[in-house]
Amino acid sequence: MYRYDIVKLEIIFIINTLQLYTIILLYSDIFCYLFSMTTNNPSPLLFSIKRYALHDGPNIRTTVFFKGCPLSCFWCHNPEGINPKAEVIFVKDKCIGCRECLHGCPESALTVDDTGIHRDFSRCTTCLECVEICPSLAHEAVGYQSGINEVMAEIEKDRLFYEQSGGGVTFSGGEPLMQPQALLELLKRCGERGIHRAVDTTGFAPTAILLDIAKHVDLFLYDIKVMDAELHKRYTGVDNTLILKNLKVLSESGAKIQIRVPLLAGINDSDHNIRLTADFICNLKGIQGVDLLPYHHFASHKYLKLGGEYRGEQYHTPDSQCLARVTHIFKDFGLQVRLGA
Ligand code: SF4
Ligand code: SF4
C-alpha cells in the first residue's frame, strides 16, 4: 500500500510538472509571438494618423495610431486598432448597389440582401480585392503598412504648431510597443528633430523593450484600468501584474508619466478601486498627474462595421457626481487630476 502511494505521488508530480512546463511554453510562445511579430519589420502597420489632436498629450499634437493590441477591453474606443492585421469594413452609405464586389471576391465571402452587402468574416482572407474593385469606395481597408520616411513627413507638416503650442507627436494605438523596432526608429528621428515625443501605452509589454523605448520618450501616457487582477483579466483579457510591475520599473527609470484612467460606472469607479489606484501611483516617481477618461458609446458603430460584437451597451457614462467623487479621492492623495484630457 505504502509503495503504491509513493508511485501514485510520483506520477502526480510528473503530470503536474509536465502541465506547468506546457503552460510556461504556451504563454511564452504567445508573448513572443505578440511582441516579435513585427520586430523584423521596420515599417509600422498603422490604422490612422491624426493631426491637430488635442486629447493625446500636452497641447497640439500629431497622433500616430499603431495597429495591434495585446488587450481587448470591451470599452475600447479604437477597436480597429486591436487586430494586428489589416482588415476591411463596409460603409453602407457609400454603396451604389453595382454588385461588382460580389463577382470579384475570390472567396465568395460577400452576399447581398435588402439591407446591403454582408461579409462572411470566416471566409474573408483580407485580400483587399473588394477595396480595389468598388467604384464608390464602400469597402475600406483598415490598416496600412507605412514607411518610416512617410510617417516622418506627416509628422513634420505640423512642426510650426508644435513649436508654438508646446505640443509634439504621440504614438498610440492599439499598442505601439507591439512594434518596437519601428517605434524606436520614429522616436529617434523625432528626437533628432527636437519634436516632443509621447507614447500612449497599456504597459503590457516586455519590461526590457519598455525600458529601451523609454530612453527616447519625453512623456508616457500610461493606462491603469482596474487594480484587481481578476477583474482586469475579465474586462481586458489579461491580468495586470506585468502592467503594474512595468509602471514601477518605468517610474524608477526616471520617466515622466501621465496616468490615464478610463472611468466606467460600475466597473472601476468604486471608492475602493480608486483608493487602491491612487495609493499605488502616489508613491511612484515621475507622475505628472491623472487624466480621467469618462466612458462613452461613440465607438459602438465601429464594432459592427468590423464584424464584431459591441459589449459596452450595458455600461454607462459616469455622471457628474461620480466624476466629482473620483476626482476628490485622487486629490486627497495629492495627485493632480484633469478630466477628459
Ligand atoms: S462594388 Fe461597391 S458599390 Fe458595388 S455593390 Fe459592392 S460595395 Fe456596393
Ligand atoms: S477582402 Fe477579399 S476575401 Fe474579403 S470580402 Fe473582400 S474580396 Fe472577399
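If you're wondering where the values come from, they're calculated on a predicted model, not measured in any experiment.

Chemist: What's the story with helix α12 (residues 320-332) in this structure? I'm lost.
Modeler: Because an α-helix packs 3.6 residues into every turn, residues spaced three or four apart end up facing the same way. With 13 residues, α12 should reach 18 Å at 1.5 Å per residue; the first-to-last C-alpha distance of 18 Å fits that figure. Looking at the residues trailing α12, positive phi occurs at Gly334, about 80°.

Chemist: Got a minute to help me understand the environment of Ala53 in this structure?
Modeler: Residue placement: Ala53 occurs in strand β1 (residues 45-53). In this structure Ala53 comes out as partly exposed when scored by C-beta crowding, with 19 C-beta atoms within 10 Å. Distance from Ala53 to Gly168, taken between C-alpha atoms, is 9.7 Å for residues 115 residues apart in sequence. Apart from residues no more than four positions distant in its own chain, Ala53 is found in contact with Arg61, Thr62, Thr63 and Thr170.

Chemist: Where do I start with the site of ligand 2 in this structure?
Modeler: In the vicinity of ligand 2 there are 13 residues, among which Cys105, Cys124, Cys127, Glu129 and Cys130 approach most closely. For the shell around ligand 2, the residue count by class is eight nonpolar, two polar and three charged.

Chemist: Before we go on, may I ask you to explain unusual backbone geometry in this structure?
Modeler: Excluding glycine, residues mostly carry a negative phi; peptide bonds, for their part, are mostly trans. A cis amide bond links Gly173 with the next residue in sequence, Gly174, at an omega value of 15°. Looking at the secondary structure, you find Gly174 in the loop between β8 (168-172) and α6 (180-192). For Thr126, which is not glycine, the phi torsion reads 60° and is therefore positive. When you line up the elements, Thr126 lands in the loop between β5 (116-119) and α3 (129-133).

Chemist: Is there a simple way to explain the nonpolar core in this structure?
Modeler: In a soluble, globular protein the nonpolar side chains are often hidden away together inside. Counting residues in each nonpolar core, the largest one holds 69 residues, and the members touching the most others are Phe220 and Ile259. Broken down by element, this core gets its largest block of residues, five residues, from α6. Of the domains in this structure, domain 2 (44-83 + 146-339) and domain 3 (87-142) are the two that each give at least three residues to this core. Excluding residues within four positions of it along the chain, Phe220 makes contact with Val199, Thr201, Leu250, Ala255, Lys256, Ile257 and Gln258.

Chemist: What is the right way to read the packing of helix α10 (residues 271-282) against α12 from this model?
Modeler: Packed helix pairs are characterised by how far apart their axes lie and by the angle those axes make with each other. Relative orientation of the contacting elements α10 and α12 amounts to 30°, with a least axis distance of 9 Å. Regarding α10 and α12, the two cross each other, and that crossing is right-handed. Residues Asp271, Ile274, Arg275 and Ala278 of α10 form the contact with α12, whose own contacting residues are Val326, Ile329 and Phe330. Within the contact of α10 with α12, the residues separate by chemical class into five nonpolar, no polar and two charged.

Chemist: Is there a simple way to think about the packing of helix α7 (residues 207-214) against helix α9 (residues 241-252) in this case?
Modeler: The geometry of α7 relative to α9 is characterised by a closest axis approach of 10 Å and an angle of 35° between their N-to-C directions. Here α7 and α9 pass one another in a crossing that is right-handed. Of the residues in α9, those touching α7 at Thr207, Leu210, Leu211 and Ala214 are Asn246, Val249 and Leu250. When grouped by side-chain class, the residues that make up the contact of α7 with α9 number five nonpolar, two polar and no charged.

Chemist: I'm lost on the sheet that holds strand β2 (residues 61-66) in this one. Help?
Modeler: Strand pairing in a sheet relies on backbone hydrogen bonds. The paired strands run either parallel or antiparallel. Taken in spatial order, the nine strands of this open sheet run β7-β1-β2-β8-β9-β10-β11-β12-β13, and their pairing is mixed. Both edges of this open sheet fall to β7 (144-145) and β13 (337-339), since each of them pairs with a single strand only. Pairing analysis gives five bridges linking β2 to β8, with the strands arranged parallel. By the bridge assignment, Phe65 is partnered in β8 with Ser172.

Chemist: Hey, could you run me through the environment of Ser270 in this one?
Modeler: For Ser270, the position within the fold is in the loop between β11 (257-263) and α10. You can call Ser270 partly exposed: it has 13 C-beta atoms within 10 Å.

Chemist: Got a minute to help me understand the pairing of β5 in this structure?
Modeler: Remark: a regular strand shows side chains that alternate across the two faces of the sheet. Relative to β5, strand β4 (residues 110-113) runs antiparallel, the two being bridged by four bridges. Residue Leu110 lies in a different strand from β5, and its bridge partner there is Arg119. Counting the residues between successive antiparallel strands, the hairpin from β4 to β5 contains two residues.

Chemist: Looking at this structure, how should I read the confidence of the model for the protein?
Modeler: In regions of low pLDDT, the predicted coordinates are not meant to be interpreted in detail. Taken over all residues, the pLDDT of the protein has a mean of 88, while the share at 70 or more is 88%. This model gives residues 21-26 a pLDDT under 50, and the stretch forms zero contacts once residues within four places in sequence are excluded. This stretch, residues 36-40, has a pLDDT under 50; its non-local contacts, to residues over four places away or in other chains, come to seven contacts.

Calculation notes
- Residues numbered from 1 in each chain as written.
- Chains lettered and ligands numbered in written order.
- Predicted model: local features only at pLDDT ≥ 70, side-chain atom pairs only at ≥ 80, totals over all residues.
- Helix = DSSP H or I, 4+ residues; strand = E, 2+ residues; numbered from the N terminus.
- Expected span 1.5 Å × (residues − 1).
- Buried ≥ 20, exposed ≤ 12 C-beta atoms within 10 Å, placed from the backbone.
- Contact = placed C-beta atoms within 7 Å.
- Near = placed C-beta within 6 Å.
- Nonpolar A, V, L, I, M, F, W, Y, C, P; charged D, E, K, R; others polar.
- Core = buried A, V, L, I, M, F, W, Y, C linked by C-beta atoms within 7 Å.
- Domains from an automatic or database assignment.
- Axes fitted to C-alpha atoms, helices over the stretch in contact; angles between N-to-C directions.
- Left-handed = near helix turned anticlockwise from the far one by under 90°.
- Pairing = 2+ DSSP bridges.
- pLDDT = per-residue confidence, 0-100.

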